[in-house]
Amino acid sequence: MSRTARTVVIEKHGGPEVLQLVERPVGDPGPGEVRIAHKACGLNFIDVYQRTGLYPLDLPAALGLEAAGVIEAVGDGVEHLKPGDRAAYASGPSGAYSEARVMPAAQVCPLPDGISFDEGAAMMLKGLTVQYLFARTTPLRAGDTVLFHAAAGGVGLIACQWARSEGITLIGTAGSDEKCQLALDHGAAHCINYQTEDFPARVRDLTDGKGVDVVMDSIGKDTFQGSLGVLKPLGMMISFGNATGPVPPFSLAELAQKGSLKITRPTLFTHIADHQTCQDMAQQLFGKVTAGDIKIRIDQRFPLDQVAQAHQALEARKTTGSTILEL
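Residues numbered from 1 in each chain as written. Predicted model: local features only at pLDDT ≥ 70, side-chain atom pairs only at ≥ 80, totals over all residues. Heavy atoms only, no water.

**A look at the state of the cysteines**
For the structure on display, the rule yields zero disulfides. Between C41, a free cysteine, and C109, which holds the nearest cysteine sulfur, the sulfur-to-sulfur gap is 16 Å. Note on C278: no disulfide assigned, nearest cysteine sulfur contributed by C109 at a separation of 4.1 Å. Given a relative accessible area of 1%, C278 falls into the buried group. (Disulfide = S-S within 2.5 Å. Buried < 20%, exposed > 50% of the residue type's maximum accessible area, 1.4 Å probe, protein only.)

Given below as structure tokens:
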């Protein structure tokens, strides 16, 4: 089947102005691959990191790691999907900002009928991230306390609801009173406006000086030291993003001095590398959505040809919830 698809590519790393919308050929799937026609694409901070070169790509490169649509064709060896199936994914290689593509099938997941394509595109990367944070990184149980930065973002609003569904106390941070209210409305027990409050002092106050069991920090440079300072002895620091820049070098001795702390720097793509693990993670996420424990909030929609404006809004922290590119 010979066809082309509008696809967002970059020929050099840089600002939103390097994003180009071009027609590219889409071929047939080979062994272990599928061709998927997208209905909606997700927007994530990792896309910005790849565009700017913080996470360098071999250039020229297509961007995007998340989308939902309909399977058009499957290659040899693909057994969990067939033509006509609804599907969604958050996986590499990049190239999801497109009308259609051929890609490896292993991490593409059948999408339940009760979840729309828009929701599928908005939830996969963020929702699977929350799944591994709460279910696969360190033991968490009802009654534990978690500090979650950027609690009103796309990942954060899912995390607030996930924590509530598991009986975990989530203390969020956000950059305005409005964003704090959004986090509270979605299940955060408390939310700290870091523009007007000192978040470490407020966390200590909220926990009677004990600190939290786990910090989940996608902000990076600006919050790292404060986050270490609010952990209980033996607490776990999960640094899973760098929205304000990479965490600067620090001495491992600090972890001992602050109470034998643990630290990890995970990525989603390690967790979903195994086909069956990825499918199982998606099933748990889909189950929470179809049961009503988690509602996917899409607050921004941009046509594919306005992808540069979408990136600008994300980088300027003008977004809440999830953002999708419409096709």
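**Concerning the layout of surface pockets**
Taken as a whole, the largest pocket spans an internal volume of roughly 780 Å³. Surrounding the largest pocket, 39 residues form its lining, F45, Y49, V155, S218 and F240 being those nearest its centre. Looking at the lining of the largest pocket, the elements that each hand over two or more residues are α1 (45–52), α2 (117–135), α3 (154–166), β10 (169–174) and α8 (268–271). Ranked by the residues each element gives to the lining of the largest pocket, the list is headed by α2, at four residues. A class-by-class count of the residues in the lining of the largest pocket yields 21 nonpolar, 14 polar and four charged. Taken as a whole, the second largest pocket spans an internal volume of roughly 260 Å³. Lining the second largest pocket are 15 residues, and of these R24, A62, S94, G95 and R101 sit closest to its centre. Among the secondary structure elements, those contributing two or more residues to the lining of the second largest pocket are β1 (3–10), β2 (20–26), β4 (61–62) and β7 (100–104). A breakdown of the residues in the lining of the second largest pocket according to their chemical character gives eight nonpolar, five polar and two charged. (1 Å grid on protein atoms, 1.4 Å probe; cavity = no way out; pocket = protein on both sides within 12 Å on 5 of 7 lines; lining within 4 Å. Points joined across faces, edges and corners; volume = space filled by probe spheres on them. Helix = DSSP H or I, 4+ residues; strand = E, 2+ residues; numbered from the N terminus. Nonpolar A, V, L, I, M, F, W, Y, C, P; charged D, E, K, R; others polar.)

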